[in-house]
Amino acid sequence: MSCLPAQITELDANVKLLVQQFRDTKRVQQFLLPKHNDFFIARYLTARKFDVENAITMFINMIVWKNEMDIDNIHKQFNKNRYKDYLLKYWPSSILWDDHPRTNDGSIILFGMVGNVDPEIVNIVGLDTIMQYHIICMERMENIWLKNVETLGYWPGFVIFDDIGNVSMRSLSSENLNVCQQLVNITQSYYPDMLRKMFIFNVPSMFYIPWKIIQLWIDPRTIAKQEFHSGGIESIEDKIFQVIARDQLPNRLKGTYEKDIPKGGKAEKLPMQLDDD
């Protein structure tokens, strides 16, 4: 049995009817663009439990928010951010890679090491920069989504491997949990339902205390796609390599893929900040 849920390569008849009902509703029609294909609309229906009116409200809120955030120009804004290069070299994530490895059946594989993110990074680059970087990453994921649906005719899904082994109580302070909640809210409100499966490993036992709070922010459908392991990748190695070739995972994850993400670690102030001190 595969450790990955089945891909949805075609919308069923009931969902297609709801998609058409969504499209036929007058108040949403001015917001619909050619890129908003049936699979795109189905994401919002899924996120709102197939309640068409609630899905339309969510969709319109997304469009309004993106206009307010000037999303079309967010890359230009980020390119001018003095912390851009620092953050790109530091943050342990593969989202912004040009090419991504894939599962045997075509899902895009992403890597992260949230446990290696120093909470001090927020104080160094500022919350606005963290938010901007997160939105850049979510826009990148959505662009990957759009490209794959256009090419394949369906969405193969993201499969994420996240190592949280170095998470500490400092990482889970109320201040940092507040930042985490804001990031989760952006993801769920404006970029819903792109995940196929998420493997979270090296989970420390103390993580489950704040997890009782964190999971209250997260949609139950997303939680159902998350799989927690106290051990390293070796604890799930057998089933992982049934669905992913070794040359698609880095050495750190028992694979042979030569590329890997930045290591994160202790966040240091930039020279210009030291001068300011």
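All values reported here derive from a predicted model rather than from experimental measurement.

How each quantity is defined
- Residues numbered from 1 in each chain as written.
- Predicted model: local features only at pLDDT ≥ 70, side-chain atom pairs only at ≥ 80, totals over all residues.
- Heavy atoms only, no water.
- Helix = DSSP H or I, 4+ residues; strand = E, 2+ residues; numbered from the N terminus.
- Buried < 20%, exposed > 50% of the residue type's maximum accessible area, 1.4 Å probe, protein only.
- Contact = heavy atoms within 4.5 Å.
- Polar contact = N/O pair within 3.5 Å; in protein donor to acceptor, adjacent residues only side chain to side chain.
- Core = buried A, V, L, I, M, F, W, Y, C linked by side-chain atoms within 4.5 Å.
- Pairing = 2+ DSSP bridges.
- Right-handed = clockwise from strand over helix to strand, strands pointing away.

How would you summarise the environment of Asn166 if you had to cite specific residues and measurements?
Topologically, Asn166 is positioned in the loop between strand 2 (158–163) and helix 9 (174–190). Given a relative accessible area of 52%, Asn166 falls into the exposed group. Separated by 105 residues in sequence, Asn166 and Asn61 have C-alpha atoms that sit 36 Å apart. Aside from chain neighbours lying at most four places away, what touches Asn166 is Gly115 and Asn116.

Could you give an account of the side chain of Asn176, naming the residues involved and the relevant values?
As for its position among the elements, Asn176 is in helix 9. Here the side chain of Asn176 touches Arg170 through a polar contact of 3.0 Å, landing on its backbone oxygen. Beyond its immediate chain neighbours, meaning those up to four positions away, Asn176 contacts Pro119, Arg170 and Ser171.

Tell me about the nonpolar core, residues and numbers included.
Of all hydrophobic cores here, the largest spans 77 residues; its most connected members are Phe22, Phe59, Ile121 and Tyr191. Ranked by the residues each element gives to this core, the list is headed by helix 8 (residues 127–152), at twelve residues. Leave out the neighbours within four places in its chain, and Phe22 touches Val28, Leu32, Ile41, Leu45, Val52, Ala55, Ile56 and Phe59.

Tell me what's going on with the pairing of strand 2, and back it up with residues and numbers.
Buried residues dominate strand 2, accounting for six of its six residues. Neither face of strand 2 is open: one carries Phe158, Ile160 and Asp162, the other Val159, Phe161 and Asp163, and all of them are buried. With five bridges joining them, strand 1 (residues 108–112) and strand 2 adopt parallel strand pairing. Within strand 2, the position partnered with Phe111 by the bridge is Phe161. Pairing of strand 2 with strand 3 (residues 195–201) involves six bridges; the strand directions are parallel. Looking at the pairing, Ile160 lines up with Met198 of strand 3. For the crossover from strand 2 across helix 9 to strand 3, the handedness is right-handed.

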